[in-house]
Amino acid sequence: MSPQPEPSFRESVELMFNRAVSLMDLPAGLEEKIRVCNATYTVRFGVRLRGEIKTFTGYRSVHSEHMEPVKGGIRYAVAVDQDEVEALAALMTFKCALVETPFGGSKGGLCINPNDYEEHELEVITRRFAYELAKRDLINPSQNVPAPDMGTGEREMAWIADQYARMNTTDINARACVTGKPPHAGGISGRVEATGRGVQYALREFFRHPEDVKIANLSGKLDGKRIVVQGLGNVGFHAAKFLSEEDGAKIVGIIERDGALMDENGLDVEAVHQWIGTHGGVKGFGNATYVENGAELLEMDCDILIPAALEGVINLENADRVKAPLIIEAANGPVTASADKVLREKGTVIIPDLYANAGGVTVSYFEWVKNLSHIRFGRMQRRQEEARHQLVVDQLENLSDMMGKKWSLDPKFKAKYLRGADELELVRSGLDDTMRIAYQAMREVWHARDDVDDLRMAAYIVSIDRVAASYRAKGL
Ligand code: NAD
């Protein structure tokens, strides 16, 4: 018997979509409309570098325009291709619907290894790519709003925003053409940490539901849970840092490109991150066991596995050896459709990508709104809120004087209560709310329907239903 073929990333997303729609009652035409990717633009452009012309290939894919602008990151990686950006664009459609950000789904990518270039070279390449996309409205505040993804960050987003502004000098909303910008270039506090923070909030919400925790054969809270993380980049680093520093979880394994680190007592995430920053990998980090074949740690005995690097890492080859009872997909598509089946049959609970890593797009939404309203969150109400709280505190303390009791409020409580929320607190509060509500929408379907036995299907059903409702309401 020939081995079962592994589906491509796009095929995996489509297989998951197909499984969901088979449980729904959509007219065939509408189902097809939601399934297909509307358009993918491929661009090949030349840049003069180091005395010669180098040609680069980039993509911007628009999966669904049931809401506009469409939204999705731009990835810089050698493996970027049409299949990948289309899969990622489809995931964006469903992700945005699940967390109720008013966007359609899109994604972009450039075939490049950013480590091969100097900063000034990357700037020229990025600006040229942005120019190619912007002149076709594939970067535009009201039509298509990119964000960071693997291999890109604040720096690239600032270049893109500036390039767009230079091409659209009278567009007062130019800054809203891209999100994930640095704070001094129209960004928002809390965007860099947002996806990892969202993973933390997602796990917190999961552990608020003992029945769900029990399905994963776990018990109790996050405190003391043993976690393995793959990829200590933007998403993996923040998730691991917050879970270990704020929730008492132990990061017992970190997998990177050049190997993995293991420590049963819990790794110091910040120290490992700094080590990677200066040495380019985890090898040589003291106080931990180094494993050359890092991927082996995906199969390590632990409570929670967080794949936060790239797609397809849990596949037919290793799925049956993955021991973690709970997987949270911080990366997009880390579990292939075939591996998903193997894991479901084993009883592994998977918190799916379209929910788990939606923190990024959620805070991007806040940034876009901030850019369009041209004012930072909290600016109008912060001091007014503080003044109102001061009134209550004064009244309570006066009351104690009047009663001759001479007590005063605990200074720590007072300081906390009196302080009006700044932008970062508001962003975190909005993100927390979003992650809680979206989880509750998923689990309602998961528990209410006998034919839905995993969170991924529940997530797809909630999302597809919303996309369908949008098409029904406004026509195609
Ligand atoms: P990143 O480039 O900051 O980090 C990726 C990390 O993974 C790097 O540390 C890299 O060295 C490591 N890595 C790469 N290949 C690896 C391998 N084979 N084994 C082990 N480690 C490997 O990227 P990121 O922004 O953190 O994105 C990671 C994932 O999260 C991607 O799937 C991305 O689509 C998804 N995501 C990112 C965001 C965001 O806001 N950045 C939002 C949603 C989803």
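As the structure is a prediction and not an experimental result, all values here were calculated from the model.

### Some thoughts on the overall build of the protein
Counting its secondary structure elements, the protein contains 16 helices and twelve strands. Relative to its length of 476 residues, the protein is compact, with a C-alpha radius of gyration of 23 Å against a globular reference of 23 Å. If one aligns the C-alpha atoms of the protein with their principal axes, the spans along those axes are about 85 × 55 × 55 Å. Evaluated residue by residue, the protein yields a buried proportion of 56% over its 476 residues. A separation threshold of at least 6 residues defines the contact pool for the protein, and within that pool the share at least 24 residues apart is 70%.

### Some details on the packing of helix α3 (residues 82-98) against helix α16 (residues 455-474)
The geometry of α3 relative to α16 is characterised by a closest axis approach of 8 Å and an angle of 85° between their N-to-C directions. Taken together, the axis directions place α3 and α16 in an arrangement best described as roughly perpendicular. Within the contact between the two elements, α3 uses Leu91, Thr93, Phe94, Ala97 and Leu98 and α16 uses Ala459, Tyr460, Val462, Ser463, Ile464, Arg466 and Val467. Broken down by class, the residue content of the contact of α3 with α16 amounts to nine nonpolar, two polar and one charged.

### What about the sheet that holds strand β3 (residues 70-77)?
What the five strands build is an open sheet, ordered β1-β2-β4-β3-β5; its pairing is mixed. Only two strands of the sheet have a single partner each, and these edge strands are β1 (39-49) and β5 (144-148). Each strand axis lies, on average, 25° off the axis of its neighbour in the sheet, ignoring direction. With eleven bridges connecting them, β1 and strand β2 (residues 52-64) associate as antiparallel partners. Note on β2: the bridge partner recorded for arginine 44 is threonine 57. Where α3 meets the sheet, it contacts β1, β2, β3 and β4 (104-111), and its direction lies at approximately 150° from that of β4.

### Here's the deal with the site of the ligand
Of all residues adjacent to the ligand, which total 22 residues, the nearest are Arg75, Asp149, Thr195, Glu256 and Asn332. With respect to the ligand, the side chain of aspartate 149 contributes an N or O atom lying 2.7 Å from an oxygen atom. One of the backbone N or O atoms of alanine 309 is found 3.5 Å from an oxygen atom in the ligand. Starting from 830 Å² of accessible surface for the ligand in isolation, the protein chains cover 86%. Mapped by element, the contributors of at least two residues to the shell around the ligand are α8 (234-246) and β7 (250-256). Of the residues in the shell around the ligand, the class split is nine nonpolar, eight polar and five charged. Counting only domains with at least three residues in the shell around the ligand, you end up with domain 1 (37-187) and domain 2 (188-378 + 421-476).

### Re the sheet that holds strand β6 (residues 226-230)
Strand order in the open sheet made by the seven strands is β9-β8-β7-β6-β10-β11-β12, with mixed pairing throughout. The sheet is open, and its two borders are formed by β9 (289-291) and β12 (349-351), each paired with just one other strand. The average undirected angle you get between the axes of adjacent strands in this sheet is 20°. Sheet topology note: the β6/β7 ladder contains five bridges and is parallel.

### Observations regarding the pairing of strand β8 (residues 259-262)
The sheet contact formed by β7 and β8 spans four bridges and is antiparallel. Residue pairing across strands places glutamate 256 opposite glycine 259, the latter belonging to β8. Hairpin geometry of β7 and β8 is characterised by an intervening segment of two residues between the two adjacent antiparallel strands. Relative to β9, β8 runs antiparallel, the two sharing three bridges. What sits directly across from leucine 261, in β9, is tyrosine 290.

### Quick word on unusual backbone geometry
Of note, the bond from glutamate 68 into proline 69 is cis; its omega dihedral lies within 30 degrees of zero at 5°. Following the sequence through the fold, proline 69 ends up in the loop between β2 and β3. Although it is not a glycine, arginine 50 adopts a positive phi angle of roughly 50°. Mapped onto the elements, arginine 50 comes out in the loop between β1 and β2. At asparagine 287, a position not held by glycine, the phi torsion is positive, near 55°. Within the fold, asparagine 287 resides in the loop between α9 (269-279) and β9.

### Some thoughts on the packing of aromatic side chains
For the structure shown, the criterion picks out 13 aromatic pairs. When the centroid spacing of 5.8 Å and the interplanar angle of 85° are considered together, the rings of phenylalanine 103 and tyrosine 365 count as edge-to-face. Highlighted residues: phenylalanine 103 in the loop between α3 and β4 and tyrosine 365 in helix α12 (residues 359-373), separated in sequence by 262 residues. According to the relative accessible area criterion, phenylalanine 103 is buried, its value standing at 0%. The partly exposed category is assigned to tyrosine 365, whose relative accessible area is 23%. A connected cluster of aromatic rings, assembled from ring pairs, spans Phe45, Phe56, Tyr117 and Phe129. When the ring centre of phenylalanine 242 is taken as origin, the NZ or CZ atom of arginine 197, which lies over that ring, is 3.6 Å away.

About the cut-offs
Residues numbered from 1 in each chain as written. Predicted model: local features only at pLDDT ≥ 70, side-chain atom pairs only at ≥ 80, totals over all residues. Heavy atoms only, no water. Helix = DSSP H or I, 4+ residues; strand = E, 2+ residues; numbered from the N terminus. Rg over C-alpha atoms; globule rule 2.2 N^0.38 Å. Buried < 20%, exposed > 50% of the residue type's maximum accessible area, 1.4 Å probe, protein only. Contact = heavy atoms within 4.5 Å. Axes fitted to C-alpha atoms, helices over the stretch in contact; angles between N-to-C directions. Parallel < 35°, antiparallel > 145°, perpendicular 65-115°, else oblique. Nonpolar A, V, L, I, M, F, W, Y, C, P; charged D, E, K, R; others polar. Pairing = 2+ DSSP bridges. Near = heavy atom within 4 Å. Polar contact = N/O pair within 3.5 Å; in protein donor to acceptor, adjacent residues only side chain to side chain. Areas by Shrake-Rupley, 256 points an atom, 1.4 Å probe, with all protein chains shown as cover. Domains from an automatic or database assignment. Phe/Tyr/Trp six-rings, centres within 6.5 Å; stacked < 30°, edge-to-face > 60°. Lys NZ or Arg CZ within 6 Å of the ring centre and 35° of its normal.

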